[in-house]
Amino acid sequence: MSTTYTIPVGPVHVGLKEPVTAWLELDGERIMGAKVRPGAIHRGIEFMARERSPIQVIYLSERICGICSFSHALCFIRAVEDLANLSVPARGQYIRTLVLELERLHSHLLWSGVACYTIGFDSAFHLGMQLRERVMDILELLTGNRVNYGVATFGGVRWDVTPELAKATREMIRYYRREFTPFREIVMEDPVAHARMRNVGVLSRDDAVRYSATGPTARASGLRVDLRKNSPYEAYADIPVEPVVPQDYFGKTHGDVLDRFAVRVLEVYQSLDIMEKVLDGLPEGSFVAEPNLNKVLASLKKAEGTGWGIIEAPRGDNTHIVRLKGGDDNVFWWKVRAPTYANAVSWPLMFCGNELADAPLIINSIDPCISCMERMLVTNGNGDSGIVTSGIITKEELVGRCRQKTFDIQARGLGGTER
Amino acid sequence: MTAIFTLFLKIFAGVALMALVVVLALLFEGADRIVHAKMQRRVGPPLFQPIYDILKLMGKENIVPRRAARFFFGLAPWLTLVVSLMVFLYIPTGSFPAVLGTEGDMILVIYLLAMGGLTLALGGFASGNPIANIGAGREITLMMSYEFPLAIVISTLAWVAYRSGMPGSPFSLETFAAMSIWKVVGKIGTFGLFCLFLSLVFVVPGETGKGPMDIPEAKTEILDGLIIEYSGVNLALLKVSFALRPFAIAAFVTVLFVPVSFSSLLGVGGFIIAIFDFLFFWIKVFAIQMVFVTWMRTAFGRLKIWQASQFYIVKVAGLSIAGMLLLSIDVLVR
């Protein structure tokens, strides 16, 4: 006789970094179905932005996520620069690229550690955390902060890369080339880690396309998608970036957790290469177009229109859409789409057929950032909110819903209710 | 009169030994945590941290979930502690005979070790929490997997002791403590014994729920599973049992395979030598615990339950059967 029962993983769970609930339907240890319910930490951050000036929103946008804080800030800034036609000096662009790569390095190192912790491999977790300290130190040296850097501003960056800092960064790159390889070998060649990660949480190439996966999750399923190559921004126009896909290294794509691990680990090396190229090609000149923030604010007050910023954050593509209204001090409308939202819809698919023991690892495998994601809840009519799994939202359905939402907004008048 | 005196002496020795092993087990766990931390390039807690933890938990409220089977939920921690402690009454320490050595043998020790897992599972099932139920199910599955190689090891050792004419009862631990089994076998037999030794030490993490086999408690999967609903004194008792279980099986392995002692090396007896043997015994236990519990749990991640089961039923059982065959050949050839 086979009976299924349902247990929750989350919202607060040791294996999860942030609160999200996965209701798992189990038959013994095997997962027969899953229902993912976000909504525990919705913060209404976009609403808060409507009472702040664009400069203040930079610092608000950094607080969307602690790990990819620079990505969010830069994405917002690029959206505003897009609508206000602000230009950025070449040195500013290079420094932005450097910080982006430092952030990617630190995000991937953190994730690798947490993934090891999830499979009970505490030693590798501590090793990963120890490795991560060095890049945090460099970020602190560059920006004065370890988490929310506060380095990005309209038309450039706030701090320059001094020769001493460049030297320290080069030393850091050498440190990682030397010290990261043992960590990679410990984890990727460990039989137990291999047994826990191979063929777990498989997302096939077709499903990755169908459910709009982005970033390392999509690349681990074999898709050659990387905004740094597909639509280059900042210094990536000068520095060619090749998407890291598992088939180039293993000869075959499994689309499982080990592939996601491998993609992130190999991207660490790629980041080190990019950082080296950025430091080699760092142009002379100013690093910010207009250092006087009052002048920037005055010009932004006159700006009107919709701006769009999209960059490749460590977890996937990050989109910010900003609307400013001429004569208004504050941001009129702001929409954030974090990569976790795109990747989380494939969770129920990854769960099915795996075991309860794999569930936290599968949740963590897309490197979820629930705080980034929780900007929108889908309600299915009877007040039952969450990402609905009995019918998983497919790409077509999502596009349809987005269009419907746009039509609704247009019918009500732009930007929802007028303030 | 003598019988009553012996009874009192035994009660006194038993109580003293139990008090000693509880303190020693907690200290060993403290050392285990420090060594584990050092291997991970951390500082780690102070040596007495497990004792502080127990003292703190003793003063906390004992919460029983509404849906729990109250009687079994409360009984399970006490039973686990008692069976974990009882193991030591049947294990000879150094040159000192076991307190109740004449009343039980290896088979009883195996039952007591298995009983510890069973009572834990009982508490898990009684708590009425689905996560604890999963943990209890995993504990039972794991136990069914490692009991098979364990049984092969024990029966083979007893058979070898019987056939090679070691003095004493073949199933008695005193027999193995008094004379090293490595001395009674030939070259093939030594190899076979080594296989049995390896099988037994692979059972250690499973038996103790540590290292790659911490599946029933798996913190990041099922939130400490079995003990999720326990708190206060109940949890303190379980923590003591968790410290005692690796200690008990390490002592068991020591008696069976590493019976080397000063008295057997020097060929002399006496109370002073016996005291040294007693200390040396705990040092050997500590070494075994460091290698097969601390090192194993540092070096490996956690397996899944079917992987652990497969490991025990296929690989470890295969190893123990190979050991058994080699020993049979050795005994039959000679």
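Residues numbered from 1 in each chain as written. Chains lettered and ligands numbered in written order. Predicted model: local features only at pLDDT ≥ 70, side-chain atom pairs only at ≥ 80, totals over all residues. Heavy atoms only, no water.

**Q** Can you tell me about helix 5 (residues 130-163) of chain B, naming the residues and giving the values?
**A** Note: α-helices contain 3.6 residues per turn, so residues at a spacing of three or four share the same orientation. All names here are of chain B. Its 34 residues place the ends of helix 5 49 Å apart at the C-alpha level, agreeing with the 50 Å of an ideal helix rising 1.5 Å per residue. Two or three places before Ile131, at the start of helix 5, stands the capping residue Asn129, its side-chain oxygen 2.8 Å from that residue's backbone nitrogen. Gly165 occupies a position one or two residues after helix 5 and carries a positive phi of about 70°. (Helix = DSSP H or I, 4+ residues; strand = E, 2+ residues; numbered from the N terminus. Expected span 1.5 Å × (residues − 1). Polar contact = N/O pair within 3.5 Å; in protein donor to acceptor, adjacent residues only side chain to side chain.)

**Q** Outline the nonpolar core, listing residues and values.
**A** Side chains of a nonpolar character, in soluble globular proteins, are inclined to be buried together. Counting residues in hydrophobic clusters, the biggest one holds 125 residues, and the most contacted among them are Leu24(A), Tyr176(A), Trp334(A), Trp347(A) and Phe351(A). The greatest single-element share of this core, amounting to 13 residues, is contributed by helix 4 (residues 90-118) of chain A. Leu81(B), Val203(B), Phe257(B) and Val331(B) belong to the second-largest nonpolar core, a separate cluster that totals 89 residues. (Core = buried A, V, L, I, M, F, W, Y, C linked by side-chain atoms within 4.5 Å. Buried < 20%, exposed > 50% of the residue type's maximum accessible area, 1.4 Å probe, protein only.)

**Q** Explain the environment of Ala121(B) residue by residue, including any values.
**A** Residues and elements named next belong to chain B. Along the polypeptide, Ala121 turns up in helix 4 (residues 106-126). In this structure the C-alpha to C-alpha distance between Ala121 and Ile134, which are 13 residues apart in sequence, comes to 9.7 Å. Leave out the neighbours within four places in its chain, and Ala121 touches Ala136, Glu139, Ile140 and Leu226. (Contact = heavy atoms within 4.5 Å.)

**Q** Can you break down the sheet that holds strand 8 (residues 331-337) of chain A residue by residue, with the values?
**A** All names here are of chain A. Taken in spatial order, the 3 strands of this open sheet run 6-7-8, and their pairing is antiparallel. Only two strands of the sheet have a single neighbouring strand rather than two, namely strand 6 (305-313) and strand 8. Going across the sheet, the axis of each strand differs from the next one's by a mean of 15°, ignoring polarity. With 6 bridges connecting them, strand 7 (residues 316-324) and strand 8 associate as antiparallel partners. In the sheet register, Thr319 faces strand 8, and the bridge partner there is Arg337. Strand contacts of helix 2 (residues 54-62): strand 7 and strand 8, with the helix running at about 25° to strand 8, the strand carrying the most contacts. (Pairing = 2+ DSSP bridges. Axes fitted to C-alpha atoms, helices over the stretch in contact; angles between N-to-C directions.)

**Q** Which residues make up the sheet that holds strand 3 (residues 30-37) of chain A, and what are the values?
**A** Residues and elements named next belong to chain A. Across the sheet, 3 strands lie side by side as 1-2-3; this open sheet has antiparallel pairing. Here the strands that pair on one side only, and so sit at the sheet edges, are strand 1 (5-9) and strand 3. Across this sheet, the average inter-strand angle for adjacent strands is 25°, counted without regard to direction. Summarising the sheet, strand 2 (residues 21-27) and strand 3 pair through 7 bridges and their orientation is antiparallel. Its bridge partner lying in strand 3, Ala22 is registered against Val36.

**Q** Report on the confidence of the model for chain B, specifying residues and quantitative values.
**A** Counting all residues, the mean pLDDT for chain B is 83, and 94% of those residues have values of 70 or more. By mean pLDDT, the top-scoring element of chain B is helix 2 (residues 49-58) of chain B (90), and the lowest-scoring one is helix 10 (residues 262-266) of chain B (66). (pLDDT = per-residue confidence, 0-100.)

**Q** Just give me the short version of the interface of chain B and chain A, but keep the residues and values in it.
**A** As a measure of interface size, the accessible area lost when the parts come together is often cited. Residue-level contacts link 22 residues of chain B with 27 residues of chain A. Overall, the association of chain B and chain A removes approximately 2,300 Å² of surface from exposure, summing both partners, and the carbon and sulfur fraction of that is 56%. Taken as a group, Thr220(B), Glu221(B) and Lys304(B) account for 26% of the area that chain B buries against chain A, more than any other trio of residues on that side. Salt-bridge contacts for Asp358(A) lead to Lys304(B); the nearest nitrogen and oxygen are separated by 3.1 Å. Those elements that place two or more of their residues in the side of chain B that touches chain A are helix 5, helix 8 (219-222), helix 11 (271-299) and helix 12 (305-333) of chain B. Its residues assigned to classes, the side of chain B that touches chain A comprises 10 nonpolar, 5 polar and 7 charged. (Buried area = accessible area lost by both parts, 1.4 Å probe. Salt bridge = Lys/Arg side-chain N within 4 Å of Asp/Glu carboxyl O. Nonpolar A, V, L, I, M, F, W, Y, C, P; charged D, E, K, R; others polar.)

**Q** How would you summarise a nonpolar patch on the surface if you had to cite specific residues and measurements?
**A** There is a patch of nonpolar side chains on the surface, built from Ile272(B), Ile275(B), Phe276(B) and Leu279(B) and spanning about 390 Å² of accessible area. For Leu279(B), the position within the fold is in helix 11. (Patch = residues over 30% accessible without salt bridge, like charges linked within 9 Å, V, L, I, M, F, W, Y side chains within 5 Å. Areas by Shrake-Rupley, 256 points an atom, 1.4 Å probe, with all protein chains shown as cover.)

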